[in-house]
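Examination of the molecular architecture
Residue-level listing of the chains:
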Amino acid sequence: MSGRLTQRGMVLLAVLWAIALCAALAMATSTTFRSLAGIVRIDRERVQADGLLTAGLEAAAGIVAALRDAPPAERTTTLTFATGSVQLTISDEGGRIDIGKAPVELLASLLRYVGAEDDDAGIVAQRIVALRDIAGQARPNDAQPRPSDAAKPPAPGTPDQPAAAPAPFTDIGQIADIPGMQPQWMAAMAPLITVFGSDGVNPLTAPVAVLRALPSFDAEHLDAFLDMRSSPFVDPERLSFLLGPAQKYLKVPQTHVVAVDLVAGTTGGYTAAARVLIVLLPDDKQPYRVLAWTPISRFARTGVVASLEAH
């Protein structure tokens, strides 16, 4: 009798263990499916955000094309779609100071504007010029990598040739590690500098902060300068004359490289941002060319956008 009870107890114990095992497997399967569903949802949101960024870029290129010969002054537009919205801000890279072409006195003035002492500004400016000379010697023009080599553009407008002559720098961050350069200076300069400009600053599109950073800047005539610039038929030469000695650092470029800052948000709450540099060339087979596509991380986005808006 006792043996029969023992056998029944063992069977009951085995059944209970089997039930527990099945419950654990069911729970694990449910968790796995929930995880997979979450991954699929995130991937879908990411694809939608990428689509919004591409749509914003296409719209920005259309806006620039519609300007024709007019300077691409800074402007912000928000587009809304069924999957979300994208904010795009257009600005002219020619209105910034090109660290690969600007004369040393302009670089020194810029460094003083962002807080460097006179001696430090002169030393760091000389080091920037020395670094770009070394970079230019190390990479001859016919062998230098194109800015698009490291880019991650969408399919439309993908470049197959550089839009301008090669430059010693391909990214403004390349001067961040120069001895003597302070992180706070670099952060303050970032919205004011470029590697897609010229040896002068475009007076028609330069932000006020860039104008104030010019050597021998005439602050007394700034309001008159801005009033004249806002007129529909402005003469660049007369406009530059208002800034006195600083006019030698002003120049209207033949080709405009445009920065497009994109911030997209899906209806599901996923956000993405990128900074894209494009150029529209006359009689080109492509509607526009992408020179650089730089994703902006979620954590850095707020500071970058705020910095851009401040300048």
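This section reports on the structure supplied with the text. (Residues numbered from 1 in each chain as written. Predicted model: local features only at pLDDT ≥ 70, side-chain atom pairs only at ≥ 80, totals over all residues. Heavy atoms only, no water.)

When you go through the chain residue by residue, the secondary structure sums to eight helices and seven strands. The buried share among the 311 residues of the chain stands at 38%. Of all intrachain contacts in the chain linking residues separated by at least 6 positions in sequence, the fraction that spans at least 24 positions is 67%. (Helix = DSSP H or I, 4+ residues; strand = E, 2+ residues; numbered from the N terminus. Buried < 20%, exposed > 50% of the residue type's maximum accessible area, 1.4 Å probe, protein only. Contact = heavy atoms within 4.5 Å.)

This part takes up the pattern of salt bridges. A complete count under the given rule lists seven salt bridges for this structure. The partner of E93 in a salt bridge is R96, with the nearest N and O atoms 2.5 Å apart. Pair check on accessibility: E93 and R96 agree, each one buried. A salt bridge links R275 to D261, with the shortest nitrogen-to-oxygen separation between them at 2.8 Å. One end of the pair, R275, is in strand 6 (residues 271-279); the other, D261, is in strand 5 (residues 257-266), and 14 residues separate them in sequence. Here the salt bridges share partners, and the residues they tie into one network are E93, R96, D261 and R275. (Salt bridge = Lys/Arg side-chain N within 4 Å of Asp/Glu carboxyl O.)

It is worth spelling out the pairing of strand 5 at this point. Each regular strand displays side chains that alternate between the two surfaces of the sheet. Most of strand 5 is tucked away, with nine of its ten residues classed as buried. The pairing of strand 2 (residues 84-92) with strand 5 spans nine bridges and is classified as antiparallel. Across the sheet, G84 pairs through a bridge with T266, a residue of strand 5. Sheet topology note: the strand 5/strand 6 ladder contains nine bridges and is antiparallel. Residue V263 lies in a different strand from strand 6, and its bridge partner there is A273. Where strand 5 folds back onto strand 6 in an antiparallel hairpin, the turn is made up of four residues, including G269, whose phi is positive at roughly 100°. (Pairing = 2+ DSSP bridges.)

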